[in-house]
Amino acid sequence: MEKILFIDDEQEILDLLKDYFKNLYEVYTATTFNDAINLIDSTDFDCVVSDVNLIEAEGFEIVSYIKQKNKNLPVLLLSGLTQEEMILKGFDVGADDYIRKPFSCAELNARISTRLNKNKKKKYAFGDLEIDESAMQVRYKQNIIPLTSMEFDILLLLVKNEGITYNKEEIYNEIWKQEPLDQMHTVHVHMFTLRKKLQDFTGIEYIKTIWKKGYMFCWEKEKKE
C-alpha cells in the first residue's frame, strides 16, 4: 500500500483526510514543519500533500526540502491563496500540483492517483536479464549492459509489449514522438546496436526480426527452463 504524508497545522483537516484516505493508502500526518521533516527523513513516502501556510514555515519550504532529497517524489500543495503569483511560486519550487481550498477529498484523491500512476516504474525480469525502468538500467547476471537512452527506450517499448511486432515507423513514432518521414535509417542503426549489445552480453536473441513486419521482444519457454 502506498504511503501518503499529509501536512497541515489544522488537526481537524488532518482528521478528515485520514478518515477518508485510511482505506486507500497508508496515511501519515504532521502538524508542524519539524514533524514533517522528521517523517520525510525516516519514511519512504510515495506522495506528500502539504498546506502552504504552516505555523513554523511555508509549504514551499517543504517542497524545496523534499525535491532536494528526491526530485521524483510527488508533492501537492493545498492553499486558500488563489493569487497567481502564489500558485506560480509553488510550481517554481517544484510542486507537482496546486489545489485550491476548499477542495473535495474525491478531487484530491484523483490528483494523488494521477501523480502516483505517473511515478510508477517497474522492473522486468526474463531469467537472468533484468530491465529496471526506474534506474534506466539493463543487467544480465547482475552485470550492467551499457545502453544509450534511445536504446533503452526502444527495449522498454518492446518489453512492455512482449510478443507484439513493431515496425520501424511505429518505433520511431513511439520513441521520437514525430512522424517517421525518412528517418528509418535512424531506427535501423539504434536497433542494430541494441540487439548486438544484448546478444554479445547474453548470447540470447531477445529481439527477433519478423520478416516484412518488424521487431518483437520474445522470451521463449525454453529460455526460462
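Scroll up to find the structure this text is about.
Treat the numbers as computed from the prediction; the structure is a model and nothing was measured.

Participant: How do you make sense of the environment of Q68 when you look at a structure like this?
Facilitator: Relative to the assigned elements, Q68 resides in helix 3 (residues 59-69). Assessed through its relative accessible area of 68%, Q68 is described here as exposed. In the structure, Q68 is positioned 26 residues away from G94 in sequence and 9.7 Å away in space, judged by C-alpha atoms.

Participant: Explain the nonpolar core here, please?
Facilitator: Side chains of a nonpolar character, in soluble globular proteins, are inclined to be buried together. Counting residues in hydrophobic clusters, the biggest one holds 30 residues, and the most contacted among them are L129, I131, L155 and F217. If you list the elements that add at least two residues to this core, you get strand 6 (123-126), strand 7 (129-132), strand 8 (137-140), helix 6 (149-160), helix 7 (168-176), helix 8 (184-202) and strand 11 (214-217). It is helix 6 that provides the largest number of residues to this core, a total of seven residues. Among all residues touching L129, those that are not within four sequence positions of it are Y124, V138, R139, Y140, I145, L198, T202, Y206 and F217.

Participant: Is there a simple way to think about the environment of H188 in this case?
Facilitator: Tracing the backbone through its elements, the reader meets H188 in helix 8. Distance from H188 to Y172, taken between C-alpha atoms, is 10.0 Å for residues 16 residues apart in sequence. Aside from chain neighbours lying at most four places away, what touches H188 is K168 and Y215.

Participant: When you look at empty space enclosed by the protein in this model, what are you seeing that I'm missing?
Facilitator: Over the atoms a probe the size of a water molecule is rolled, and this reveals where empty space is left. Counted by the stated rule, this structure contains one cavity of 30 Å³ or more. There is about 30 Å³ of room inside the largest cavity. If you trace the largest cavity, you find it lined by R195, L198, Q199, I204, E205, Y206 and I207. Tallying contributions element by element places helix 8 first for the lining of the largest cavity, with three residues.

Participant: Can you walk me through the sheet that holds strand 4 (residues 75-79) in this structure?
Facilitator: Strands belonging to one sheet form pairs held by backbone hydrogen bonds; the direction of such a pair is parallel or antiparallel. Spatially, 2-1-3-4-5 is the arrangement adopted by the five strands of the open sheet, whose pairing is parallel. Either end of the sheet is taken by a strand with one partner, and the two such strands are strand 2 (26-30) and strand 5 (97-100). Taking the axes of each pair of neighbouring strands and ignoring which way they run, one obtains an average angle of 20 degrees across the sheet. Taken together, the four bridges between strand 1 (residues 3-7) and strand 3 (residues 47-51) define a ladder with parallel strand orientation. Paired with I7 across the strands is S50, a residue of strand 3.

Participant: Explain the side chain of T43 to me, please; I cannot follow it from the model alone.
Facilitator: Along the chain, the position of T43 falls in the loop between helix 2 (33-42) and strand 3. Here T43 falls in the buried class, since its relative accessible area comes to 14%.

Participant: Can you walk me through the packing of helix 6 against helix 7 in this structure?
Facilitator: Two quantities define a packed helix pair, namely the angle between the axes and the distance from one axis to the other. In contact at an axis separation of 10 Å, helix 6 and helix 7 are set at 115 degrees when each is read in the N-to-C sense. Pair helix 6 / helix 7 crosses with right-handed handedness. Mapping the contact onto sequence places M150, D153, I154 and L157 in helix 6 and I171, E174, I175 and W176 in helix 7. Grouping the amino acids of the contact of helix 6 with helix 7 by side-chain chemistry returns six nonpolar, no polar and two charged.

Participant: I'm lost on helix 7 in this one. Help?
Facilitator: Residue pairs spaced three or four apart in an α-helix point in one direction, given the helix's 3.6 residues per turn. Along helix 7, the residues that are buried comprise I171, Y172, I175 and W176. In a view along the axis of helix 7, the buried residues occupy a sector of 100 degrees, so they form one face of it. The N-cap residue of helix 7 is N167: its side-chain oxygen and the backbone nitrogen of E169 are 3.1 Å apart. Count one or two residues on from helix 7 and you reach K177, which has phi positive near 55 degrees.

Participant: Help me understand the sheet that holds strand 9 (residues 143-145) in this model?
Facilitator: Overall, antiparallel pairing links the four strands, which are arranged 6-7-8-9 in an open sheet. One side of each edge strand has no neighbouring strand; the edge strands of this open sheet are strand 6 and strand 9. Each strand of the sheet is rotated relative to its neighbour by a mean of 25 degrees, with strand direction disregarded. Against the sheet, helix 6 engages strand 6, strand 7 and strand 8, with an angle of about 105 degrees to strand 7.

Procedures and definitions
Residues numbered from 1 in each chain as written. Predicted model: local features only at pLDDT ≥ 70, side-chain atom pairs only at ≥ 80, totals over all residues. Heavy atoms only, no water. Helix = DSSP H or I, 4+ residues; strand = E, 2+ residues; numbered from the N terminus. Buried < 20%, exposed > 50% of the residue type's maximum accessible area, 1.4 Å probe, protein only. Core = buried A, V, L, I, M, F, W, Y, C linked by side-chain atoms within 4.5 Å. Contact = heavy atoms within 4.5 Å. 1 Å grid on protein atoms, 1.4 Å probe; cavity = no way out; pocket = protein on both sides within 12 Å on 5 of 7 lines; lining within 4 Å. Points joined across faces, edges and corners; volume = space filled by probe spheres on them. Pairing = 2+ DSSP bridges. Axes fitted to C-alpha atoms, helices over the stretch in contact; angles between N-to-C directions. Left-handed = near helix turned anticlockwise from the far one by under 90°. Nonpolar A, V, L, I, M, F, W, Y, C, P; charged D, E, K, R; others polar. Arc of directions from axis to C-beta. Polar contact = N/O pair within 3.5 Å; in protein donor to acceptor, adjacent residues only side chain to side chain.

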